[in-house]
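Residue-level listing of the chains:
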Amino acid sequence: MTVKKPKLVQEDWYRARIRSAVNDFTEQYKDYMQNAIDDVFNTMKQGYDIPQAVEIVTSRKGFVNDRLKELIENVLTTVVKAVNGKTLPKGKLQQIINRAMNDPWTDDGVSLKKRIRRLSNDTIYEIRRSTMATVGNLNQIDMKIKNIEKLVLQTDVDIRKVKDQCRALRTVAGLATHGNRNVSKDLYQQTERLIRALNGDSVRARTLAMKNIKYTASQVWEYALPNTLQIAFKGKAAYRAERIARTEASKLYFESFIAQHQGNPDVVAYQWSLSPRHNIFDQCDVCANINIGYGRGIYPKNLMPSIPRHPHCMCTIRPVYRVSMKGKHRVDINMARKYFSGLSERNLQDLFGIAGAVDVSLGGDWQKYLRGWNGFSKPKTRFEFEDFN
């Protein structure tokens, strides 16, 4: 029986759809987090301090997790539609999404649903930790200023101690503002003016310098808290969320593609295609360029690298039909050495590390040293041909 060939979708069109879906994901996730930040400030207006307000907002049922799950499911839905090239019944589409969410594919055996929960918990912990750390640093700023003022008011001023306190003040201010150079520069200038004033006899200059330090410190307070919330809610957490969305989209693409082509007797191999935005020399370049007996970047369908090769991987594959394969072909992994022999020393080190590059150049096993590599295998998928047809 001849297996019906699924409709193919142009790779560039597919990538554009997924890229757009991930961009929408990031924008909507950050909008969600901005609303949470606004909720924190609104809660503070009710008389709560910032740690209390953050605790209240982040303790709400489903905070981060529910919205993150919804947005990632939207990305996965776009993947299925783009790869399949046609509209699936709502029930069948939901079954695919549910399997992608609940059936693990990674070596650690953690499902996407649990991974989202972990990220949500980590995000809440990081938000609370960052907020408390900033509040602690801001309180240290007030303490350092009081210490400086106490020293300045002494009859016999110990300038060395003042310098030490000014240095400590700048350090905690840098921590509170996450290294904002403008704030650090202003505070440095004001503390240096105070030291110069202490070396003179003008009481007025000392008073003015101390007043300016206090004012600059108040500016640190005004900047640090909103900035900390922006970073805690929308910084590293947003990057990790986008990485999960993009990686899971790539995996679902690969498994969907395999499910639709692996059982087709006319398809004998798959050809690797790099993303046009691939700008780091790594194992994906190896997959797209080595020849193990079937042609450059072409692998028999039961012995190939899997996708994704790394987080954010957007590589794709295309089917190679029997009619296009002329002559006989057999797998010879050692043929890949021809590609490596033409690489620069820098490229070899990018792939294998310094020691590995030397060993591979001397005939060592390149698969042992290639960074991120887990070998060739029969592609696995959590889905069946019937799921998409």
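Refer to the preceding data block for the structure.
Note that this is a predicted model, so its numbers are computed, not measured.

1. Examining the sheet that holds strand S3 (residues 316–321)
In space, the three strands of this open sheet follow the order S2-S1-S3, with antiparallel pairing throughout. Because the sheet does not close on itself, it has two edges, and the strands there are strand S2 (298–300) and S3. Between one strand axis and the next, the sheet turns through 35 degrees on average, direction left out of account. As paired strands, strand S1 (residues 267–273) and S3 are joined by six bridges and run antiparallel to one another. The partner of Trp 272 across the bridge, within S3, is Ile 317. Strands S1 and S3 of the sheet are contacted by helix H9 (residues 236–261), whose axis makes an angle of about 15 degrees with S3.

2. Things to note about the pattern of salt bridges
Throughout the structure, instances matching the rule amount to 14 salt bridges. Arg 240 is paired through a salt bridge with Asp 122; the nearest N and O atoms lie 3.3 Å apart. Of the two residues, Arg 240 sits in helix H9 while Asp 122 sits in helix H5 (residues 112–152), which places them 118 residues apart along the sequence. Given a relative accessible area of 26%, Arg 240 falls into the partly exposed group. Residue classification places Asp 122 among the partly exposed residues on the basis of a relative accessible area of 35%. What you see here is one network of salt bridges that share partners, running through Arg 160, Asp 164 and Arg 167.

3. Examining the packing of aromatic side chains
Within this structure, the stated rule accounts for 14 aromatic pairs. The rings of Tyr 299, Tyr 339, Phe 340, Phe 352, Trp 366, Trp 373 and Phe 376 are connected pair by pair, giving a single aromatic cluster.

4. As for the packing of helix H6 (residues 159–176) against helix H7 (residues 181–198)
Relative to each other, H6 and H7 sit at 170 degrees, their axes nearing to 10 Å. When the axes of H6 and H7 are compared, the pair comes out roughly antiparallel. Contacts between H6 and H7 involve Ile 159, Val 162, Lys 163, Cys 166, Leu 169, Arg 170, Ala 173 and Gly 174 from the first element and Ser 184, Leu 187, Tyr 188, Thr 191, Glu 192, Leu 194, Ile 195 and Leu 198 from the second. A breakdown of the residues in the contact of H6 with H7 according to their chemical character gives 10 nonpolar, three polar and three charged.

What counts and how
Residues numbered from 1 in each chain as written. Predicted model: local features only at pLDDT ≥ 70, side-chain atom pairs only at ≥ 80, totals over all residues. Heavy atoms only, no water. Pairing = 2+ DSSP bridges. Helix = DSSP H or I, 4+ residues; strand = E, 2+ residues; numbered from the N terminus. Axes fitted to C-alpha atoms, helices over the stretch in contact; angles between N-to-C directions. Contact = heavy atoms within 4.5 Å. Salt bridge = Lys/Arg side-chain N within 4 Å of Asp/Glu carboxyl O. Buried < 20%, exposed > 50% of the residue type's maximum accessible area, 1.4 Å probe, protein only. Phe/Tyr/Trp six-rings, centres within 6.5 Å; stacked < 30°, edge-to-face > 60°. Parallel < 35°, antiparallel > 145°, perpendicular 65-115°, else oblique. Nonpolar A, V, L, I, M, F, W, Y, C, P; charged D, E, K, R; others polar.

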